[in-house]
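# Architecture at a glance
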Amino acid sequence: IEASIPQPLRETWRKLAATEFKGKEEFQREVVRHVETTLARSMYNCDDLAAYSGTALAVRDKLVVSWNKTQQHQTLQDQKRIYYLSLEFLMGRTLDNSLLNTGIKDTAREGVGELGFRIEDVIDKEHDAALGNGGLGRLAACFLDSLATLNYPAWGYGLRYRYGIFKQEIVDGYQVEVPDYWLDFNPWEFPRHDVCVDIMFYGYVTKVSDNDGKISHLWEGGEIVQAIAYDVPIPGYETSTTNNLRLWSSKPSSGEFDFQKFNSGDYEGSIREQQKAETISAVLYPNDNISAGKELRLKQQYFWVAASLHDIVRRFKKSHRPWKEFPDQVAIQLNDTHPTLAIVELQRIFIDIEGLTWDQSWDIVTRTFGYTNHTVLPEALEKWSVPLFQSLLPRHLQIIYEINLYFLQGVEKKFPKDRDMLQRVSIIEESQPQVIRMAYLAIIGSHKVNGVAELHSDLIKATIFKDFIAVFGPDKFTNVTNGITPRRWLHQANPKLSDLIASKLGGYDFLKDLNLLKGLEQWVDDKEFRKEWMEIKLAAKIRLAKYIRDTTQIAVNPHSLFDIQVKRIHEYKRQQMNIFGVIYRYLRLKQMKPEELKKQVPRASIFGGKAAPGYWMAKTIIRLITAVGEVVNTDKDIGDLLKVVFIEDYNVSKAEIIIPASDISEHISTAGTEASGTSNMKFVLNGGLIIGTCDGANIEITREIGEDNIFLLGHLAEDVEELRHQHRFGKVEMDPKLRLVCDAIEAGQFGDPNIYNGLISALTTGCDYYLVSDDFSSYLATQDLVDTTFKDKEDWATKSIMSVANMGFFSADRAINEYADTIWNVEPTPQKK
Ligand code: 475
């Protein structure tokens, strides 16, 4: 590449090339330049928001330098790249993260300080990039951070939604959804108007045969929408590697503008088609762990997958290698089944466009893909109706039928005459109408399938994918336990704790090798250290208490036990069990004599999380929480002994304030339902203890930190089936304590009881599918144990420190290295400085 540009020209470019910051003064000059020129403001009208904008633009300019270098370097290295396909990237804010990862936070703090601003206020002006629902989307964001930090050549591919997850407002105790228009000012993205791909929908397929009688398929006559790339730089921590996240935005293709209508005066009609094209990337579906099956969602999936594959294939073609080397250059990871169409699309590209045979093509395809499953909940498993597919993607449906045919022929050979088996593993489910089981397609088209925690990976093998073990053998299925990035979830969210740890471990290396935390064990008996540790926790609680007072007017005592459950509201996550427990506590307190009351541990029960807009039961749970708060928080008998708070609009930036402030956090899903959970890891890494069920990653957290340092409760996954069976046959009496709670609700102690009919009948006539009744007494007893333990401040501090010291395993870096080793077969590409 070098040689193609004449020497003198090269030198001129080099001399003028953009460079990294050389110090505070240059940083300041750049901030002021952006405020004065890019934003056309001045010192007289520069508020916090303008200061944020100027700072972000200055930092962004520098990110671009390492970003360009990394991309050039990776292209020259020409080795295998990882492509992480995810419909969700829950990034949160970028400025603080960029400052920390590039090591210029101190410069920035001083720099903006001298310009009259506090860096915290500036950072706080940024709008979250909330292109995700919950765990799956945030995992993708943590993985991008680790991929860059570990110098893997990796790209994320997603959709550039104009509206991210809705903003939640609480009005009269109920959730109200407000659209999240976040693109007013987004300095972190770079439109690539030159990178655009035409994507077709609908149309028809014709068979044509050439002179040799070779048959090929033409898919034509459909509607065309254009995909435009927007690139987001992803800087690693303390490395020059800056990877790329490419998000696709939809717009009408130039051919779609209806000039005839326009000329005849129907201006509105002429732009109607255009608007239709733009709706594809307009909005993120707000469902977590549920598949809604809407046509627009399928359009989003194909649009994003087709654009991404076009890009990947184009990049591969530039290397002029033979097709069979494709899997040596490309690893594509499917984040759940949302991008499963990529398997079909790549097969289509190879056979319809590049002229490979079916077998050549299928071999390449299956060596390219890996599939990660994130849930066993039946309502979350994607199934698309065949008639919908037939109309939207007729050629893809044919290919799916063919994949299924060859697959079933193989199964038939292995299990002759087992018609039941054939029906069970078929990609097509024989329902009315027929549906396509996307998870099965993803398994068949990938070389590895993984779950996200040990229990979960075992469960998928034993239940939903059992037959596929028989077909493919056990080696295709594996586990990669989730992890979190310690950069955002410790260093950024809790800088004081990170600094204290660094002071004892002799530096910040633990942020890149989290196992080094083990060194904290040596300090567990150090008086001064323990004191500082607990002071940092208290400071985080004071900060959260202030936030709660400012936003809800509720005064919580920072010395009370902070019991936090923040996550999407879902029956399987059992926020209802938590609030029932709070009600039970309240009823008990109301019965106590003054001398007894004095012995109680004051508590603040803090909730946060969004309910999917159409999820009635989840919304009812929110209403019950706010209603209990209204009663309890104003009860003069109770005072500080119990406060109930619902924090509005839980998101990534709020998580950064909330998580460092927990004494205890709740991860109490019905055993076997939460695939992993990742906030459990974040809370423990910040010195909070957890109360939880034997579910998801709680089990591995227990293994790592020791069972003395976690409060486990409830039945095991292996008991669940039998318990549900008993409920269905009416053999379970409701737990008497839960009965008391239901009676209080039904008596109207928390307002109109009719509101909660659904919630209560789920426990009775609804057969208590999530087994709240079965776990309730265990839950209450364990909460009592939490109280007792909390009274012993020294014991609590020891548990907190020992837990953090043993959390190394839960770094997303470890998870990414496992993917690289066992699934992608990729090596890091570090650059020399
Ligand atoms: C699990 N989301 C957590 C986390 O592995 C786990 C999004 C769109 C449509 C349907 N579902 C989704 C999920 O399924 C999801 O977020 N799953 C979560 O993935 C990361 O830690 O246990 O519930």
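Report on the accompanying structure. A quick note: this is a predicted structure, and the numbers were derived from the prediction, not measured.

## Quick notes on the overall build of the protein chain
Broken down by element type, the protein chain carries 34 helices and 24 strands. The C-alpha radius of gyration of the protein chain comes to 28 Å, within 12% of the 28 Å expected for a compact globule of 833 residues. For the C-alpha atoms alone, the extent of the protein chain along its principal axes is close to 95 × 75 × 65 Å. The 833 residues of the protein chain split such that 59% are buried. Across the protein chain, every contact between residues at least 6 apart in sequence was considered, and the portion connecting residues at least 24 apart equals 77%. Looking at the protein chain, you have 97 positive and 115 negative side-chain charges, and the mean spots of the two groups are 2 Å apart.

## Quick word on the state of the cysteines
Applying the stated rule across the entire model yields zero disulfides. Free cysteine Cys767: the closest other cysteine sulfur is in Cys742, separated by 15 Å.

## A look at the site of the ligand
Around the ligand lies a shell of 19 residues, among which Asn289, His374, Asn482, Glu674 and Gly677 are the nearest. Contacts to the ligand include Asp288, whose side-chain N or O atom sits 3.4 Å from an oxygen atom. Here an oxygen atom of the ligand sits 2.8 Å away from a polar atom, N or O, in the side chain of Asn482. Ranked by residue count, the leading element in the shell around the ligand is helix 7 (residues 135–149), at three residues. Split by residue class, the shell around the ligand holds six nonpolar, nine polar and four charged. Viewed by domain, the shell around the ligand spans two of them, domain 2 (78–93 + 128–480) and domain 3 (486–811), each represented by three or more residues.

## Some thoughts on the sheet that holds strand 23 (residues 689–693)
The parallel open sheet is built from six strands, whose spatial order is 21-20-19-22-23-24. Strands with a single pairing partner mark the edges of an open sheet, and in this sheet they are strand 21 (642–647) and strand 24 (711–713). When strand polarity is set aside, the average angle formed by the axes of neighbouring strands in this sheet is 20°. Lying over the sheet, helix 23 (residues 575–591) contacts strand 19 (561–566), strand 20 (603–608), strand 21, strand 22 (664–667) and strand 24, oriented at roughly 155° with respect to strand 21.

## Quick word on the nonpolar core
Among the nonpolar cores identified, the biggest contains 174 residues, and Trp248, Phe326, Leu544 and Trp824 are the most heavily contacted of them. With eleven residues, the top contributor of residues to this core is helix 10 (residues 295–317). The residues that make up this core include at least three from each of domain 2 (78–93 + 128–480) and domain 3 (486–811). Excluding its chain neighbours within four sequence positions, the residues that come into contact with Phe326 are Ile312, Val313, Phe316, Leu346, Phe350, Ile364 and Thr368.

## Considering helix 13 (residues 358–368)
Every buried residue of helix 13 is accounted for by Trp358, Ser361, Trp362, Ile364, Val365, Thr366 and Thr368. Residues of helix 13 that are buried sit in contact with helix 11 (326–329), strand 12 (330–335), helix 12 (341–353), strand 13 (369–372), helix 15 (394–414) and helix 17 (438–444).

## Concerning the sheet that holds strand 14 (residues 383–385)
The antiparallel open sheet is built from three strands, whose spatial order is 14-16-15. Taken across any chain shown, the strands that pair with only one partner, and hence form the sheet edges, are strand 14 and strand 15 (428–429). Pairing analysis gives two bridges linking strand 15 to strand 16 (residues 435–437), with the strands arranged antiparallel. Of the residues in strand 16, the one forming a bridge with Glu429 is Val435.

## Remarks on the packing of aromatic side chains
Tallying each qualifying case throughout the model produces 33 aromatic pairs. Measuring from ring centre to ring centre gives 5.4 Å for Phe21 and Phe27, while their planes differ by 75°; the resulting arrangement is edge-to-face. Considered together, Phe21 and Phe27 belong to a single accessibility category, that of buried residues. On the basis of an interplanar angle of 25° and a centroid distance of 5.8 Å, the ring pair of Phe407 and Phe472 is categorised as stacked. On the criterion of sequence distance, the pair formed by Phe407 in helix 15 and Phe472 in helix 19 (residues 466–472) is long-range, its members being 65 residues apart. On the basis of relative accessibility, which here comes to 9%, the residue Phe407 falls in the buried class. Three or more aromatic residues joined by ring pairs make a cluster, and in this case those are Tyr83, Trp155, Tyr157 and Trp248. It is Lys793 that lies over the ring of Phe790; its NZ or CZ is 3.6 Å from the centre.

## Brief notes about the side chain of Arg814
Within the fold, Arg814 resides in helix 34 (residues 812–824). Of the polar contacts made by the side chain of Arg814, one reaches the backbone oxygen of Thr481; its length is 2.9 Å. The contact partners of Arg814, leaving out residues within four places of it in the chain, are Val480, Thr481, Asn482 and Phe809.

## Some remarks on a nonpolar patch on the surface
On the surface, Ile5, Leu9 and Trp13 cluster together into a nonpolar patch covering about 350 Å² of accessible area. Position of Leu9 among the secondary structure elements: in helix 1 (residues 7–16).

## Concerning the pattern of salt bridges
Across all of its chains, the model carries 58 salt bridges by this definition. For Asp663, the salt bridge identified is with Lys541, shortest N-O distance 2.6 Å. One end of the pair, Asp663, is in the loop between helix 26 (652–658) and strand 22; the other, Lys541, is in helix 22 (residues 527–552), with 122 residues separating them in the sequence. Assigned by exposure class, Asp663 and Lys541 land together as buried. Here Asp635 makes a salt bridge to Lys590, at a shortest N to O gap of 2.7 Å. In this pair, Asp635 sits in the loop between helix 25 (616–632) and strand 21 while Lys590 sits in helix 23, placing the two residues 45 residues apart along the sequence. Owing to a relative accessible area of 12%, Asp635 belongs among the buried residues under this scheme.

## Section: the pairing of strand 6 (residues 174–178)
Where strand 5 (residues 167–171) lies against strand 6, five bridges are found, and the strand directions are antiparallel. Residue pairing for strand 6: Val171 is matched across the bridge by Tyr174. Between strand 5 and strand 6, which pair antiparallel one after the other, the connecting turn spans two residues, and Asp172 there sits at a positive phi close to 50°.

Calculation notes
- Residues numbered from 1 in each chain as written.
- Predicted model: local features only at pLDDT ≥ 70, side-chain atom pairs only at ≥ 80, totals over all residues.
- Heavy atoms only, no water.
- Helix = DSSP H or I, 4+ residues; strand = E, 2+ residues; numbered from the N terminus.
- Rg over C-alpha atoms; globule rule 2.2 N^0.38 Å.
- Buried < 20%, exposed > 50% of the residue type's maximum accessible area, 1.4 Å probe, protein only.
- Contact = heavy atoms within 4.5 Å.
- Lys, Arg positive; Asp, Glu negative; His and termini not counted.
- Charge placed at Lys NZ, Arg CZ, Asp CG, Glu CD.
- Disulfide = S-S within 2.5 Å.
- Near = heavy atom within 4 Å.
- Polar contact = N/O pair within 3.5 Å; in protein donor to acceptor, adjacent residues only side chain to side chain.
- Nonpolar A, V, L, I, M, F, W, Y, C, P; charged D, E, K, R; others polar.
- Domains from an automatic or database assignment.
- Pairing = 2+ DSSP bridges.
- Axes fitted to C-alpha atoms, helices over the stretch in contact; angles between N-to-C directions.
- Core = buried A, V, L, I, M, F, W, Y, C linked by side-chain atoms within 4.5 Å.
- Phe/Tyr/Trp six-rings, centres within 6.5 Å; stacked < 30°, edge-to-face > 60°.
- Lys NZ or Arg CZ within 6 Å of the ring centre and 35° of its normal.
- Patch = residues over 30% accessible without salt bridge, like charges linked within 9 Å, V, L, I, M, F, W, Y side chains within 5 Å.
- Areas by Shrake-Rupley, 256 points an atom, 1.4 Å probe, with all protein chains shown as cover.
- Salt bridge = Lys/Arg side-chain N within 4 Å of Asp/Glu carboxyl O.

Structural measurements only, silent on function.
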